[in-house]
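# Structural features, examined
Chain by chain, the residues:
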Amino acid sequence: MFTKKSVYVLPVLVLLFLSLITTASTVGTRVDAQSIAKSQQLTVYIHALHTDKGATIITADEIQWYEGAEADRVFAQQDPEAAAEIGGALDGYYILNDSDTLSNYPVADNATVSMQIYDHTGNINDLDINWNEQLTLPEFIAQFNKTDVFDLSQSPYHITIQDGKVTAITQQYTP
């Protein structure tokens, strides 16, 4: 049924195949690990946005953002009396800000900005949620500096940092 030659070829082919699978998954794992190491996401309150010599810098206070059951758990841990009285985190989220340390983050020129709510018209009655509305970085800076109708510094933001620069800014809607 099998010749001597096929008896040797079959195990070699199997080993070659397994080697290719192992190598492919190892290379993929390395690429993923490298990109994860160079990319991080933080949740922050942005205190200031300024441009210096053409470079935009975000000055922000890092916070912890919790939702759902995790929000209830952390809220109960932080304020057991209030948690017992009201039964859980209000509106399904909880923000923990243990430090008032401000950090500066350089922003990439091509950073994306996704907003949920901001002042479009200058009239408070016109405020409305527009989920993940895209703004350019200059538009976001202009909106951030307008505080008379809606102060964007009061919203939390999720920022993505890649290779040391903010590449994405997403406003977190809070009811």
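Residues numbered from 1 in each chain as written. Predicted model: local features only at pLDDT ≥ 70, side-chain atom pairs only at ≥ 80, totals over all residues. Heavy atoms only, no water.

### Considerations on the overall build of the protein
- The helix and strand inventory of the protein stands at 4 helices and 7 strands.
- Within the protein, the proportion of its 175 residues that are buried is 31%.
- A fraction of 59% describes how many contacts in the protein between residues 6 or more apart in sequence connect residues 24 or more apart. (Helix = DSSP H or I, 4+ residues; strand = E, 2+ residues; numbered from the N terminus. Buried < 20%, exposed > 50% of the residue type's maximum accessible area, 1.4 Å probe, protein only. Contact = heavy atoms within 4.5 Å.)

### Let's talk about the pattern of salt bridges
- In total, this model carries 2 salt bridges according to the counting rule given.
- E70 is the partner of R73 in a salt bridge, and the nearest nitrogen-oxygen pair spans 2.7 Å. Here R73 and its partner E70 are both found in helix α2 (residues 68–78), 3 residues apart, which amounts to about one turn of the helix.
- Under the relative-accessibility criterion, R73 is labelled partly exposed at 41%.
- Between D119 and K146 there is a salt bridge, with its nearest N and O atoms 3.7 Å apart. Taken as a pair, D119 in the loop between β4 (102–115) and β5 (133–135) and K146 in the loop between α4 (137–145) and β6 (156–162) lie far apart in primary sequence, 27 residues in all.
- Using a relative accessible area of 32% as the deciding quantity, one classes K146 as partly exposed. (Salt bridge = Lys/Arg side-chain N within 4 Å of Asp/Glu carboxyl O.)

### Things to note about the side chain of Q116
- With respect to the element layout, Q116 can be found in the loop between β4 and β5.
- Q116 gets classed as buried once you look at its relative accessible area, which sits at 4%.
- Ignoring any residue separated from it by four or fewer positions in sequence, one finds Q116 in contact with D128, I129, N130, W131, N132, T170, Q171 and Y173.

### Brief notes about the side chain of D61
- Within the secondary structure layout, D61 lies in strand β2 (residues 55–67).
- Here D61 is buried and forms no salt bridge, its nearest opposite-charge partner R73 lying at an N-O distance of 19 Å.
- In this structure the side chain of D61 is engaged in a polar contact, spanning 2.7 Å, whose partner is the side chain of N97.
- Beyond its immediate chain neighbours, meaning those up to four positions away, D61 contacts T43, V44, Y45, H47, N97, S99, D100, T101 and L102. (Lys, Arg positive; Asp, Glu negative; His and termini not counted. Polar contact = N/O pair within 3.5 Å; in protein donor to acceptor, adjacent residues only side chain to side chain.)

### Here we look at the environment of V149
- Assignment of secondary structure puts V149 in the loop between α4 and β6.
- In this view, V149 contacts D119, G122, N123, I124 and L127; residues no more than four positions away in its chain are not counted.

### A short note on the pairing of strand β1 (residues 39–52)
- Judged from the 7 bridges that link them, β1 and β6 form a sheet pairing that is antiparallel. Its bridge partner being in β6, T43 is matched across the sheet by H158.
- Examined bridge by bridge, β1 and β2 share 9 bridges and lie antiparallel to one another. For I46, the partnering residue across the bridge sits in β2 and is A60.
- Joining the antiparallel neighbours β1 and β2 is a turn of 2 residues, in which K53 adopts a positive phi near 55°. (Pairing = 2+ DSSP bridges.)

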